[in-house]
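# Analysis of the macromolecular model
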Amino acid sequence: MTATEDRRAQILRISTRLFSQKGYARTTLEDVATEIGFTKPAIYHWFDSKDQILFEIHRDIVAPALEEVREIRASGGSPADQLRRILAAHVERVLLNADANTVFARESAQLTTERAAQIGDLDRAYEREVRAVYAAGVASGEFADVDPIIAIGTLLSACSWVSQWFRPEGSLNATQVNTMIGSLLEQGYRGGNP
């Protein structure tokens, strides 16, 4: 990684944390620059606007997720195995990037129309890939015959919301939480222990 990439990554990391803590609207580029230890105009060397930073935070959440789900589908396995791996990867991404996922969940409306459309296209492509896995599972009899839009919307929402309530300083670690969520989503909440 070059010094430019390091500085760029640092700006994204600090911005993500501040947007998550204070909100996008209340965070200024001056806040970001102060936190890093340089002037606000220096940020414009790497980003054309605060909106571009917000866009890249969003893109860095959804683009790798889309790539990963496509890799999981291409690797084969039953729909149940693929969906288990997709949901576990989704929860892991959320747990490892809690601030970015909080920004993604809360600040999407702050993107420009054009940038929101680009993120929306990526997000819909991701959901289509996961719905296709669910539809294959319904066809094979592995999954309940629930409309894939409802099933996957519910499952992904449950996985995504982890960033809003999980605190790593608690008694459970991220791996334990991921395992429990996977069991609960796969087995349901009635009977037995997840």
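Note that this is a predicted model, so its numbers are computed, not measured.

About the thresholds
- Residues numbered from 1 in each chain as written.
- Predicted model: local features only at pLDDT ≥ 70, side-chain atom pairs only at ≥ 80, totals over all residues.
- Heavy atoms only, no water.
- Helix = DSSP H or I, 4+ residues; strand = E, 2+ residues; numbered from the N terminus.
- Buried < 20%, exposed > 50% of the residue type's maximum accessible area, 1.4 Å probe, protein only.
- Contact = heavy atoms within 4.5 Å.
- Areas by Shrake-Rupley, 256 points an atom, 1.4 Å probe, with all protein chains shown as cover.
- Lys, Arg positive; Asp, Glu negative; His and termini not counted.
- Charge placed at Lys NZ, Arg CZ, Asp CG, Glu CD.
- Axes fitted to C-alpha atoms, helices over the stretch in contact; angles between N-to-C directions.
- Parallel < 35°, antiparallel > 145°, perpendicular 65-115°, else oblique.
- Left-handed = near helix turned anticlockwise from the far one by under 90°.
- Expected span 1.5 Å × (residues − 1).
- Phe/Tyr/Trp six-rings, centres within 6.5 Å; stacked < 30°, edge-to-face > 60°.
- Lys NZ or Arg CZ within 6 Å of the ring centre and 35° of its normal.
- pLDDT = per-residue confidence, 0-100.
- Core = buried A, V, L, I, M, F, W, Y, C linked by side-chain atoms within 4.5 Å.

### Here's the deal with the overall build of the chain
- Along the backbone of the chain there are ten helices and zero strands.
- Secondary structure elements of the chain occur, N-terminal to C-terminal, as α-α-α-α-α-α-α-α-α-α.
- Counting the 194 residues in the chain, one finds 39% classified as buried.
- Long-range contacts, defined as pairs at least 24 residues apart, comprise 68% of the intrachain contacts of the chain with a sequence gap of at least 6.
- When the accessible surface of the chain is summed, it comes to about 10800 Å², and 53% of that surface belongs to carbon and sulfur atoms.
- The positive charge centre, built from 21 side chains, and the negative charge centre, built from 26, are 3 Å apart in the chain.

### A word on the packing of helix H4 (residues 50-74) against helix H7 (residues 113-140)
- Put simply, H4 and H7 touch, their axes get as near as 9 Å, and they point 20° apart. It follows that H4 is roughly parallel to H7 by the angle criterion. Note on packing geometry: the crossing formed by H4 with H7 is left-handed. Together, Asp51, Gln52, Phe55, His58, Arg59, Val62, Ala63, Ala65, Leu66, Val69, Arg70 and Arg73 of H4 and Arg115, Gln118, Ile119, Leu122, Asp123, Ala125, Tyr126, Glu129, Val130, Ala132 and Val133 of H7 make up the contact between the two elements.

### Concerning the environment of Gln21
- With respect to the element layout, Gln21 can be found in helix H1 (residues 3-22).
- Classification of Gln21 by relative accessible area gives exposed; the value is 52%.
- Sequence separation of Gln21 and Val138 is 117 residues, and the distance between their C-alpha atoms is 41 Å.
- Residues in contact with Gln21, not counting those within four places in the same chain, are Arg26 and Arg106.

### Some thoughts on helix H5 (residues 79-96)
- Compared with the 26 Å implied by 1.5 Å per residue over 18 residues, the 25 Å span of H5 between its first and last C-alpha is a close match.
- Every buried residue of H5 is listed here: Pro79, Ala80, Gln82, Leu83, Ile86, Leu87, Ala89, His90, Val91, Arg93, Val94 and Leu95.
- Next to the buried residues of H5 lie H4, helix H6 (98-107), H7, helix H8 (148-160), helix H9 (162-165) and helix H10 (174-187).

### Section: the packing of aromatic side chains
- Evaluated as defined, the whole model comprises three aromatic pairs.
- Their ring planes at 80° and their centres at 5.0 Å tell us that Phe19 and Tyr24 sit as a pair that is edge-to-face.
- Judged by relative accessible area, Phe19 falls into the buried class, the value being 0%.
- When the ring of Phe38 is compared with that of Trp46, the centres are 6.1 Å apart and the planes differ by 35°; the resulting orientation is tilted. Across the pair, Trp46 and Phe38 agree in class, each one buried.
- In this structure, Lys50 is placed above the aromatic ring of Tyr24, and the distance from its NZ or CZ to the ring centre is 4.2 Å.

### Things to note about the confidence of the model for the chain
- Scored by pLDDT, the chain comes out at a mean of 90, with 95% of its residues at no less than 70.
- When the elements of the chain are averaged for pLDDT, H9 gives the smallest value, 79, and H4 the largest, 97.

### A look at the side chain of Ser15
- Of note, Ser15 is situated in helix H1.
- Other than its neighbours up to four places away in sequence, Ser15 contacts Val32, Ile53 and Ile57.

### Regarding the nonpolar core
- If you look at the biggest cluster of nonpolar residues, it comprises 26 residues, and the most contacted ones within it are Leu83, Ile86, Tyr126, Val130 and Ile152.
- Counting residues in each nonpolar core, the second largest holds 25 residues, with Phe38, Ile43, Val62 and Ala100 among its members.

### Here we look at the packing of H4 against H5
- Running from N to C, H4 and H5 point in directions that differ by 155°, and their axes come no closer than 10 Å. When the axes of H4 and H5 are compared, the pair comes out roughly antiparallel. Pair H4 / H5 crosses with right-handed handedness. Taking contact as the criterion, the partners of Ala65, Glu68, Val69, Ile72 and Arg73 in H4 are, on H5, Gln82, Arg85, Ile86, Ala89 and Arg93.

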